[in-house]
Amino acid sequence: MALYFFTPFIAIILTILGGGIIFYILGFNPIEALKFYFITPISNLYGFSELLLKATPLCLIAIGLSFCFKSNNWNIGAEGQLTFGAIVGGGVALLFYNQEGFYILPLVILAGAIGGMIFALIPAILKTYFNTNEILVSLMLVYVSKLLLDYLVVGPWSNPEGFNFPETRQFSDSSRMPLLFEGLRIHAGIFLALAAVMLSWFILYKTYLGFQIKVSGLSLKTAKYAGFKGKTMILVVFMISGACAGLAGVGEITGPIGQLHRMISPDYGFTAIIVAFLGRLNPFGIIFASLVVALTYLGAETTQIFLQIPKYTGQVFQGMILFFLLASDYLLFFKVKILNLKKNELRH
Amino acid sequence: MSLDISFIGILIGSIMASSVPLILAASGELITERSGVLNLGVEGMMIIGAISGFALMVITDNLFIAIVGSMLSGVIISIIFGFLTQSLLTNHVATGLALTIFGIGLSAMLGKNFVGIPGKEFPILFSSLRESIPFFGPILFGHSIVLYFAFALPFLTNYFLKKTKLGLIVRAVGDSPVSASNQGINVILVRYCCILYGGAMCGLAGAYLSLIYTPQWIENMTAGRGWIALALVVFATWSPIKVLIGALIFGGITILQLHMQAIGFRIPVQFLSALPYLMTIIVLVVISRDSRKIKLNTPSSLGRIFYKEK
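The structure displayed is predicted, hence computed values, not measured ones. (Residues numbered from 1 in each chain as written. Chains lettered and ligands numbered in written order. Predicted model: local features only at pLDDT ≥ 70, side-chain atom pairs only at ≥ 80, totals over all residues.)

### Regarding the overall build of chain A
For step 1, the next point in the chain: Across its full length, chain A holds 13 helices and zero strands.
For step 2, the next point in the chain: Its C-alpha atoms give chain A a radius of gyration of 21 Å, near enough to 20 Å, the size a compact globule of 348 residues would have.
For step 3, the next point in the chain: Overall, chain A is about 80 × 55 × 35 Å in size when its C-alpha atoms are taken along their principal axes.
For step 4, the next point in the chain: Counting over 348 residues, chain A shows a buried share of 53%.
For step 5, the next point in the chain: Within chain A, contacts between residues separated by at least 24 positions form 77% of all contacts whose residues are at least 6 apart in sequence. (Helix = DSSP H or I, 4+ residues; strand = E, 2+ residues; numbered from the N terminus. Rg over C-alpha atoms; globule rule 2.2 N^0.38 Å. Buried ≥ 20, exposed ≤ 12 C-beta atoms within 10 Å, placed from the backbone. Contact = placed C-beta atoms within 7 Å.)

### Digging into the overall build of chain B
For step 1, the next point in the chain: Helix and strand content of chain B: 14 helices and zero strands.
For step 2, the next point in the chain: For chain B, the C-alpha radius of gyration of 20 Å lies close to 19 Å, the compact-globule estimate for 310 residues.
For step 3, the next point in the chain: By principal-axis analysis of the C-alpha atoms, chain B measures approximately 65 × 45 × 40 Å.
For step 4, the next point in the chain: Expressed as a percentage of the 310 residues in chain B, the buried residues total 50%.
For step 5, the next point in the chain: Of all intrachain contacts in chain B linking residues separated by at least 6 positions in sequence, the fraction that spans at least 24 positions is 78%.

### Describing the packing of helix α3 (residues 45-70) of chain A against helix α7 (residues 189-206) of chain A
The relative placement of two packed helices comes down to the angle between their axes together with the axis-to-axis distance.
Residue and element names in this part refer to chain A.
For step 1, the next point in the chain: In contact at an axis separation of 9 Å, α3 and α7 are set at 30 degrees when each is read in the N-to-C sense. Relative to α7, the element α3 is oriented roughly parallel. Of the two elements, α3 crosses α7, and the hand of that crossing is left-handed. Residues L52, T56, C59, L60, I63 and S66 of α3 lie in contact with α7, whose contacting residues are G189, I190, L192, A193, A196, V197 and S200. (Axes fitted to C-alpha atoms, helices over the stretch in contact; angles between N-to-C directions. Parallel < 35°, antiparallel > 145°, perpendicular 65-115°, else oblique. Left-handed = near helix turned anticlockwise from the far one by under 90°.)

### Things to note about the interface of chain B and chain A
For step 1, the next point in the chain: Across the contact, 39 residues belong to chain B and 37 residues belong to chain A.
For step 2, the next point in the chain: Within the residue set of the side of chain B that touches chain A, elements represented by two or more residues are α3 (63-87), α4 (92-110), α11 (225-235), α13 (269-288) and α14 (291-297) of chain B.
For step 3, the next point in the chain: No other element matches α4 of chain B, which puts twelve residues into the side of chain B that touches chain A.
For step 4, the next point in the chain: Residues belonging to the side of chain B that touches chain A are distributed by class as follows: 27 nonpolar, ten polar and two charged. (Nonpolar A, V, L, I, M, F, W, Y, C, P; charged D, E, K, R; others polar.)

### Looking at the confidence of the model for chain A
For step 1, the next point in the chain: For chain A, the mean per-residue pLDDT works out to 89, and 95% of the residues sit at or above 70.
For step 2, the next point in the chain: The secondary structure element of chain A with the lowest average pLDDT is helix α13 (residues 313-347) of chain A, at 74, and the one with the highest is helix α4 (residues 78-95) of chain A, at 96. (pLDDT = per-residue confidence, 0-100.)

### So, the nonpolar core
For step 1, the next point in the chain: Ranked by internal contacts, the top residues of the largest apolar core, which has 200 residues, are I61 and A62 of chain A together with L232 of chain B.
For step 2, the next point in the chain: Aside from chain neighbours lying at most four places away, what touches I61 of chain A is A78, L82, C244, A245, A248, Y268, G269 and A272 of chain A. (Core = buried A, V, L, I, M, F, W, Y, C linked by C-beta atoms within 7 Å.)

### Examining the environment of V190 of chain B
Residues and elements named next belong to chain B.
For step 1, the next point in the chain: Tracing the backbone shows V190 in helix α10 (residues 187-213).
For step 2, the next point in the chain: For V190, a count of 23 C-beta atoms within 10 Å puts it in the buried group.
For step 3, the next point in the chain: Sequence spacing of V190 and L248 is 58 residues, and the spatial spacing of their C-alpha atoms is 30 Å.
For step 4, the next point in the chain: If near-sequence neighbours (up to four positions away) are discounted, V190 is found in contact with S35, I169, V170, V173 and I185.

### Focus: the environment of P138 of chain B
Residue and element names in this part refer to chain B.
For step 1, the next point in the chain: Within the secondary structure, P138 sits in helix α6 (residues 136-140).
For step 2, the next point in the chain: Taking the C-beta count within 10 Å as the criterion, P138 has 23 such neighbours and is therefore assigned buried.
For step 3, the next point in the chain: A C-alpha to C-alpha distance of 9.2 Å links P138 and F7, two positions 131 residues apart in sequence.
For step 4, the next point in the chain: Once you skip the residues sitting within four places of it in the chain, P138 turns out to touch G9, I10, G13 and R130.

### A short note on helix α2 (residues 42-60) of chain B
All names here are of chain B.
For step 1, the next point in the chain: Along its 19 residues, α2 runs 26 Å from first to last C-alpha, staying within 8% of the 27 Å computed at 1.5 Å per residue.
For step 2, the next point in the chain: With 16 of 19 residues buried, α2 lies mostly within the body of the structure.
For step 3, the next point in the chain: The first or second residue beyond α2 is D61, which carries a positive phi of 60 degrees. (Expected span 1.5 Å × (residues − 1).)

### Some thoughts on the packing of α11 of chain B against helix α12 (residues 240-262) of chain B
Residue and element names in this part refer to chain B.
For step 1, the next point in the chain: Following both chains from N to C, one finds α11 and α12 inclined at 135 degrees, their axes separated by 9 Å at the closest point. With respect to each other, α11 and α12 are oriented oblique. For the pair α11 and α12, the crossing hand works out as right-handed. For the pair α11 and α12, contact is made by I228, L232, V233 and F235 and by V243, G246, A247 and F250, respectively.
For step 2, the next point in the chain: Each residue belonging to the contact of α11 with α12 can be placed in one class, and the counts come to seven nonpolar, one polar and no charged.

### Some details on the confidence of the model for chain B
For step 1, the next point in the chain: Of all residues in chain B, 98% have pLDDT values of 70 or greater, and the mean over the chain is 88.
For step 2, the next point in the chain: For this predicted complex, the interface confidence reaches an ipTM of 0.87, while the overall pTM sits at 0.89.

### Some remarks on unusual backbone geometry
Residues and elements named next belong to chain A.
For step 1, the next point in the chain: Look at N72: it is not a glycine, yet its phi comes out positive at around 65 degrees.
For step 2, the next point in the chain: Among the structural elements, N72 can be located in the loop between α3 and α4.
For step 3, the next point in the chain: In the Ramachandran plot, N131 falls in the positive-phi region, its phi being about 65 degrees despite a non-glycine side chain.
For step 4, the next point in the chain: Position of N131 relative to the elements: it lies in the loop between α5 (104-130) and α6 (134-154).

### Considering helix α1 (residues 2-25) of chain A
All names here are of chain A.
For step 1, the next point in the chain: Here α1 is 24 residues long and its end C-alpha atoms lie 35 Å apart, about the 34 Å a rise of 1.5 Å per residue gives.
For step 2, the next point in the chain: Taken as a whole, α1 has its buried residues at T7, P8, A11, I12, T15, G19 and F23.
For step 3, the next point in the chain: Just past α1, the residue G27 takes up positive phi, approximately 90 degrees.

### Here we look at the environment of L209 of chain B
Residues and elements named next belong to chain B.
For step 1, the next point in the chain: Note that L209 resides in helix α10.
For step 2, the next point in the chain: The class for L209 is buried, based on 26 C-beta atoms found within 10 Å.
For step 3, the next point in the chain: With 162 residues separating them along the chain, L209 and I47 place their C-alpha atoms 9.2 Å apart.
For step 4, the next point in the chain: Setting aside chain neighbours within four positions, we find L209 in contact with P21, A50, T214, M221 and T222.

What follows is the structure in structure tokens.
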């Protein structure tokens, strides 16, 4: 069990080594480049706030995904649920663009969560009632939601005074997440993420639903035998997951962005899949993993500024983390085998 | 838009061209899945094929090297997937996703210096016949060699799976790896070969986009075609000929959508662009409703980890 939570660290170390090799191949001093990548971004208060800012949506989405993945439901369209949540939440924020009031932000957040939930229900319902592959459906919906967002910000929702830029009006101050510190971008959305962590820990480890989810993940046959209502559970885990992604989307547009435009998320929804795995689908593991993966975003930006290495190194690092994590699971497999052998020897 | 006969010929020709990457990638993935391996990295392998093909064309100025190189790069990146899933027994779904994320990032990194460089004209065959024969000319002639290969591929794949001993081995490994292994078949080796073949076809599919169809390098230019190819394999219930039909339907929607945009159809562009993705969902629903039919055709061990006790 200890090894199960230890292998993610092995994966991170291997990724750093792999990254050094890539920087070396690209013709940079690997030590210096890695320093720019992993240390420079968080060497001051502003950088640390940026780290938390990026970790917030990743953590939220990954928490939601952990419900799906634990129960063997492959929702990989969190990016679409994030986008749709942002559209619904953003729509509510735009309704109140010239109004102020304490009730506006809660409404916007709620709308975002519901939006994400509804969007996640599409693959869930198609899976439960039409036996359709949820991987492909949830993924196709990512493209659909992004095109819908594009249509809205170019067409009906575009800012009338915006000189035809593809963006909406600025939200009113009442639709914006309160900032935590003067001069830093970190906002109250981080409390949403922390609340999600606590709540998910409670649901997964202290409730009957959590028990059902874990049993279904380990063995569908056992779950059926125990008489769990599989269909309801699938719908519930997708709704939880969609709501979390929707919250992440709304957190972005009411937090650092403040309006709707085409690029509301640098693929947080996809990257969160890696976060969920790196955190071992464990709520507290996911906090740690979201910080590590957020650093790959920041590092990619810093190396782009200082060394002119394209920022896509971020995705390469993220892909590598997942590769190495999966590979290091082989160690676990071996361990199981060795233990089994010992047991057999004892029996003889 | 006049609907005369020659226009329809040109339309069919362009539908065929747009379905080529789907046919290639889906046929490759079909063999991989028939051996029991679910590789969700199609999009990643395609985009790697696209950039390496284009980069090699710019560097060597030789289209043959570019095409072969794109296939090789597809093979190389699929080795990562093969090693992880077959030798280190990792989860197929997670590994495939990692491959896609990694591939998209790596391609954008490698392609940084190739954005905006114009592509080279790819030689087309029988161009004189294309002009001289009405209707059938634009359908049958004036295409690149890759297109002819793509249209032959489903038939070759069908023949391979149904009529050859190797094809039987691939199917046996996919349907019952344990019995195949007991018969002395090296299951892991067969699966490795199928994964690498899938990688080569996805690489070629990507190169078709960046060398022939578009032809230039644009970041993220595969735009979900890899995922549509994966859906096509399900749509075709793992039968190569149906892959061809499905790919033509999707090619048709893509072209139709472009033409509707061009003639200023009164529907927002974004809704038309969403059509192929929505269509994929609808088709999946219709096909999957009959769960018995799906179960009957799915390779029984698809996505399951196999290892031999030593």
